[in-house]
Amino acid sequence: MEEKELLILEIIENNASVTQRDLSEKTGLSLGMVNLLLKKFVKKGIVKLERLDGKSFRYILTPEGFKEKSKKTIDYIKRYYQKTLLIKQNIERIIRIYGRNRTYALFGNDKEMKEIIEGLLKELEVDYIIQNDITKIDDSKIILYWDIDDKEKLKEFDSQFLLGITTISGRIFIF
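This structure is a prediction, so every number in the text was calculated from the model and none was measured.

Draft legend 1. Up close: the nonpolar core. Of all hydrophobic cores here, the largest spans 22 residues; its most connected members are Ile87, Ile91, Ile117, Leu144 and Leu162. Residue assignment for this core shows that the elements contributing at least two residues are α4 (63-98), β3 (103-107), α5 (111-123) and β5 (142-145). Sort the elements by how many residues they give to this core and α4 lands first, with 7 residues. With 15 residues, the next largest nonpolar core counts Ile8, Ile11, Ile12 and Phe41 among its residues.

If you want it as structure tokens, here you go:
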């Protein structure tokens, strides 16, 4: 949810005349959820609500809102950096187990995670395919997955989850 909150703050910063419906469409959140978040932002003093006429409002990011947006941006970057470290450790572990001279199949929904995993595999010079149709993956491939709705689909394959609990520099992370 924090990512959606950050996205709402970014949209408001760039377009004060944005409507709740616009925010809903751009974030993928329901209109009711956008309304709740905006009320929360107004209550916390990070967004100012200015009435334009009987029905229209303008949303303005306050100085406190700019601070909050910066904080959320930094937190978002830290989380993705930690995930990247975890994924790299897991990929290196998987390569030690299964070997570098094979093709791995990437399987997951989150496009940002897919791009991170692709970049790491390229950096490690590992062959891979991207395939989200399980019926098109032959059972000789090791499936690397990160976010799927139904893990039962993978039970007949040799598959490895790239996110989970790990320690990085002595600290425990749960993803």
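Draft legend 2. Main features of the pairing of β5. On β5, burial covers both faces: Ile142 and Leu144 on one face and Ile143 and Tyr145 on the other are all buried. In terms of strand pairing, β3 meets β5 through 4 bridges, oriented parallel. Paired with Phe107 across the two strands is Tyr145, which belongs to β5. Sheet topology places β5 next to strand β6 (residues 158-161); 4 bridges connect them, and they run parallel. By the bridge assignment for β6, Ile143 is matched with Ser159.

Draft legend 3. Structural view of helix α1 (residues 2-14). Helix length check: α1, at 13 residues, gives a terminal C-alpha distance of 18 Å against a target of 18 Å (1.5 Å per residue), a fit within 8%. Among all positions of α1, only Glu5, Leu6, Ile8, Leu9, Ile11 and Ile12 are buried. Those residues of α1 that are buried are in contact with α2 (20-27), α3 (31-44), β1 (47-51), β2 (57-61) and α4.

Draft legend 4. Examining the pairing of β3 more closely. In terms of residue burial, β3 counts as a mostly covered element, since 4 of its 5 residues are buried. Sheet analysis places β3 next to strand β4 (residues 127-130), joined by 4 bridges and oriented parallel. Bridge pairing in β4 links Thr103 to Asp127. Note on the crossover from β3 through α5 to β4: the handedness is right-handed.

Draft legend 5. Broad picture of the sheet that holds β3. Spatial ordering of the open sheet is given by β4-β3-β5-β6, a layout of 4 strands whose pairing is parallel. The sheet terminates laterally at β4 and β6, the two strands that pair on one side only. Across the sheet, the mean angle separating the axes of adjacent strands is 30° when strand polarity is ignored. Here α4 sits on the sheet and contacts β3, β5 and β6; the angle it forms with β6, its principal contact strand, is near 155°.

Draft legend 6. Region of interest: α5. End to end, α5 covers 18 Å across 13 residues, agreeing with the expected 18 Å (1.5 Å per residue, within 8%). Taken together, the buried positions of α5 are Met113, Ile116, Ile117, Glu118, Leu120 and Leu121. Against the buried residues of α5 lie α4, β3, β4 and β5. Directly after α5, the chain includes Glu125, whose backbone phi takes a positive value near 55°.

Rules behind the numbers
Residues numbered from 1 in each chain as written. Predicted model: local features only at pLDDT ≥ 70, side-chain atom pairs only at ≥ 80, totals over all residues. Heavy atoms only, no water. Core = buried A, V, L, I, M, F, W, Y, C linked by side-chain atoms within 4.5 Å. Buried < 20%, exposed > 50% of the residue type's maximum accessible area, 1.4 Å probe, protein only. Helix = DSSP H or I, 4+ residues; strand = E, 2+ residues; numbered from the N terminus. Pairing = 2+ DSSP bridges. Expected span 1.5 Å × (residues − 1). Contact = heavy atoms within 4.5 Å. Right-handed = clockwise from strand over helix to strand, strands pointing away. Axes fitted to C-alpha atoms, helices over the stretch in contact; angles between N-to-C directions.

Purely geometric numbers; function is a separate question.
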